[in-house]
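Topology and contacts: notes
In case you want the letters, here they are:
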Amino acid sequence: MEKPLTIREAYLQASSFLSTTRNTQDVQHVCRLLLEHVLEMDRSELLLSWQEPFPMERMEALQQALQRKAEGVPVQYITGEQEFFGFTFRVSPAVLIPRPETELLVERVQYWGRRLSDRLGKHSLKTADIGTGSGIIPITLALLEPDWQFYAVDLSPDALGMASQNAELHHVRDKLEFIEGDLLQPLLERQVDIDILISNPPYIPSTDVLELQPEVKDYEPLLALDGGADGLRCYRELIEGAGQLGRPPHIIGFETGAGQAADVADMLRAAGNWDRVEIVKDLAEIERHVIGLGNEWAL
Ligand code: GLN
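Residues numbered from 1 in each chain as written. Predicted model: local features only at pLDDT ≥ 70, side-chain atom pairs only at ≥ 80, totals over all residues. Heavy atoms only, no water.

Description of the packing of aromatic side chains
We count it as follows: Only rings of Phe, Tyr and Trp enter the pairing, Trp through its six-membered ring, and a pair is recorded when the two centres are within 6.5 Å. The plane angle decides the type: under 30 degrees is stacked, over 60 is edge-to-face, the rest tilted. Only DSSP runs of H or I covering at least 4 residues are called helices, and only runs of E covering at least 2 are called strands; the numbering of each starts at the N terminus. Think of it in three bands: with a 1.4 Å probe and only protein chains considered, a residue is buried below 20% of the maximum accessible area for its type, exposed above 50%, and partly exposed in between.
For the coordinates displayed, the defined rule picks out seven aromatic pairs. Summarising the aromatic geometry, the rings of Tyr-11 and Trp-50 are spaced 5.1 Å apart at their centres and angled 55° between planes, so their arrangement reads as tilted. Taken as a pair, Tyr-11 in helix 1 (residues 7-19) and Trp-50 in the loop between helix 3 (43-48) and helix 4 (59-71) lie far apart in primary sequence, 39 residues in all. Their ring planes at 80° and their centres at 5.4 Å tell us that Trp-112 and Trp-297 sit as a pair that is edge-to-face. Of this pair, Trp-112 sits in helix 6 (residues 102-120) while Trp-297 sits in the segment after strand 9 (287-293), placing them 185 residues apart in sequence. Exposure class is identical for Trp-112 and Trp-297. Each is buried. Grouped by ring-pair contacts, the aromatic residues Phe-84, Phe-85 and Phe-89 constitute a single cluster.

Take a look at the structure:
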């Protein structure tokens, strides 16, 4: 009888297969994620089982996963998850895959939010995340700041379904209110007051969307990417809307595309309500986040 394949050997075969395809960078990392997924193991279980026989009844699932990866499907849509801020989030093609730079936005908003809390002597800050996608921003903040409350708005009901699953997974469902709607529209209709407005909106200029790498343009939701003719449509509408709320939010935190931060900072200053503007660079030294602080902070 033929000697059964060990998990290690299955991993080596999978890596050599993926190395021959065009679509995969970081082959070893991807193979590890696919094996964890197919074998329903975490990283340490996988390492401990390295020399064990590969369960043959999972071979077809592994081959299908490798095939999809070879076709260009992002690994996160195959495994159905992505880590963000050390937490695991469920993802599907209805939502943008969380990017690591967004962690810096969460950190910066948390930093300014805490200072705002001290200033106002108020623990329960009201925060709105517009275009919440998988819900990573409000869910992570809810885990970090249990006293805060969140509106999570998205135009896509499927994205809201995913975000709500993630909120349940992390036991913060009661801190979040999910609302379907376009940008700030639903909050303007309700005339709610919010302390902090956050958004990582679609920001790719429409004509550039087709030039994105295939893994992004063919699989991630267009709705989460296309930011209108100049890519700045959502920032313009969000800043205008923020000025029409009951009172302007004390903090605005945006993620922006490469080369957009200075324009968005100018838009915030020009709106008149947020004099103090901070630009935060990401780990690649790209100006990535724009934080606007209400005029009362200048006092
Ligand atoms: N807020 C989500 C994220 O940061 C989705 C962003 C989007 O779809 N543009 O990943």
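That was the structure; now back to the text.
Re the site of the ligand
Here is the rule: Near, as used in this document, describes a residue that has one of its heavy atoms within 4 Å of the molecule or strand being considered. Within 3.5 Å is the distance limit for a polar contact, defined as a pair of N or O atoms, with the added protein rule that one can donate a hydrogen and the other accept it, and that residues adjacent in sequence qualify only through two side-chain atoms. Only the protein chains shown count as covering a residue, and every accessible area follows the Shrake-Rupley method with a 1.4 Å probe.
Near the ligand you find Leu-96, Thr-102, Gly-131, Thr-132, Gly-133, Ile-136, Ile-137, Asn-200, Pro-201, Pro-202 and Ala-224, and these make up its full shell. Gly-131 places a main-chain nitrogen or oxygen 3.1 Å from a nitrogen atom of the ligand. Here a nitrogen atom of the ligand and a backbone polar atom of Asn-200 are 2.8 Å apart. Burial of the ligand by the protein chains amounts to 96% of its free accessible area of 290 Å².

Thoughts on the packing of helix 1 against helix 4
Note the following rule: Where helices are involved, their axes are fitted lines through C-alpha atoms of the stretch in contact, as for all axes, and angles between N-to-C directions lie from 0 to 180°. An angle counts as roughly parallel when it lies under 35 degrees, as roughly antiparallel when it exceeds 145, as roughly perpendicular when it falls between 65 and 115, and as oblique in every other case. Definitions for this section: a left-handed crossing has its near helix turned counterclockwise from the far helix by less than a right angle. A right-handed crossing has that turn clockwise. Here, two residues are considered to be in contact whenever any of their heavy atoms come within 4.5 Å of each other. Classes in brief: Ala, Val, Leu, Ile, Met, Phe, Trp, Tyr, Cys and Pro nonpolar; Asp, Glu, Lys and Arg charged; the others, Gly included, polar.
The N-to-C vectors of helix 1 and helix 4 enclose an angle of 25°; their axes lie 10 Å apart at closest approach. With respect to helix 4, the axis of helix 1 lies roughly parallel. For the element pair helix 1 and helix 4, the recorded crossing hand is right-handed. Listed contacts from helix 4 to Ala-10, Ala-14, Phe-17 and Leu-18 of helix 1 are Leu-62, Leu-66, Gln-67, Lys-69 and Ala-70. For the contact of helix 1 with helix 4, the residue count by class is seven nonpolar, one polar and one charged.

Some thoughts on the UniProt feature "binding site: S-adenosyl-L-methionine" (unreviewed entry) in the protein chain
To keep it simple, the criterion reads: UniProt positions are given in the numbering used here, feature names are shortened, and annotations may be inferred rather than shown by experiment. A cavity here means a set of 1 Å grid points, computed over protein atoms only, where a 1.4 Å probe fits but cannot escape. A pocket is an open set with protein on both sides within 12 Å along at least 5 of 7 lines, and lining residues have an atom within 4 Å of a point.
Mapped onto this structure's residue numbering, the UniProt feature "binding site: S-adenosyl-L-methionine" (unreviewed entry) falls at Gly-131, Thr-132, Gly-133, Ser-134, Gly-135, Asp-154 and Asn-200. These annotated residues cover 70 residues of sequence, but their C-alpha atoms sit close together, with the largest distance between any two at 11.7 Å. From the list above, the second largest pocket is lined by Gly-131, Thr-132, Gly-133, Ser-134, Asp-154 and Asn-200. Looking at where Thr-132 falls in the secondary structure, it is placed in the loop between strand 3 (126-130) and helix 7 (136-144). Residue Thr-132 is classed as buried on the basis of its relative accessible area, which comes to 5%. Every residue in contact with Thr-132, bar those within four places of it in the chain, is listed here: Pro-138, Ala-152, Val-153, Asp-154, Leu-160 and Ala-163.

A few points about the side chain of Thr-102
Summarising the element assignment, Thr-102 is placed in helix 6. Not counting residues up to four positions away in its chain, the partners in contact with Thr-102 are Phe-84, Ile-136, Ile-137, Asn-200, Glu-255 and His-289.

What to know about the pattern of salt bridges
Any two side chains of opposite charge can pair, so long as their charged atoms come close to each other. Where we set the bar: What makes a salt bridge here is a side-chain nitrogen of Lys or Arg within 4 Å of a carboxyl oxygen of Asp or Glu, nothing more.
Applying the stated rule across the entire model yields 14 salt bridges. Between Glu-278 and Arg-108 there is a salt bridge; the shortest N-O distance is 2.8 Å. Within this pair, whereas Glu-278 is found in strand 8 (residues 276-281), its partner Arg-108 is found in helix 6, the two being separated by 170 residues in sequence. Under the relative-accessibility criterion, Glu-278 is labelled partly exposed at 21%. Under the relative-accessibility criterion, Arg-108 is labelled partly exposed at 23%.

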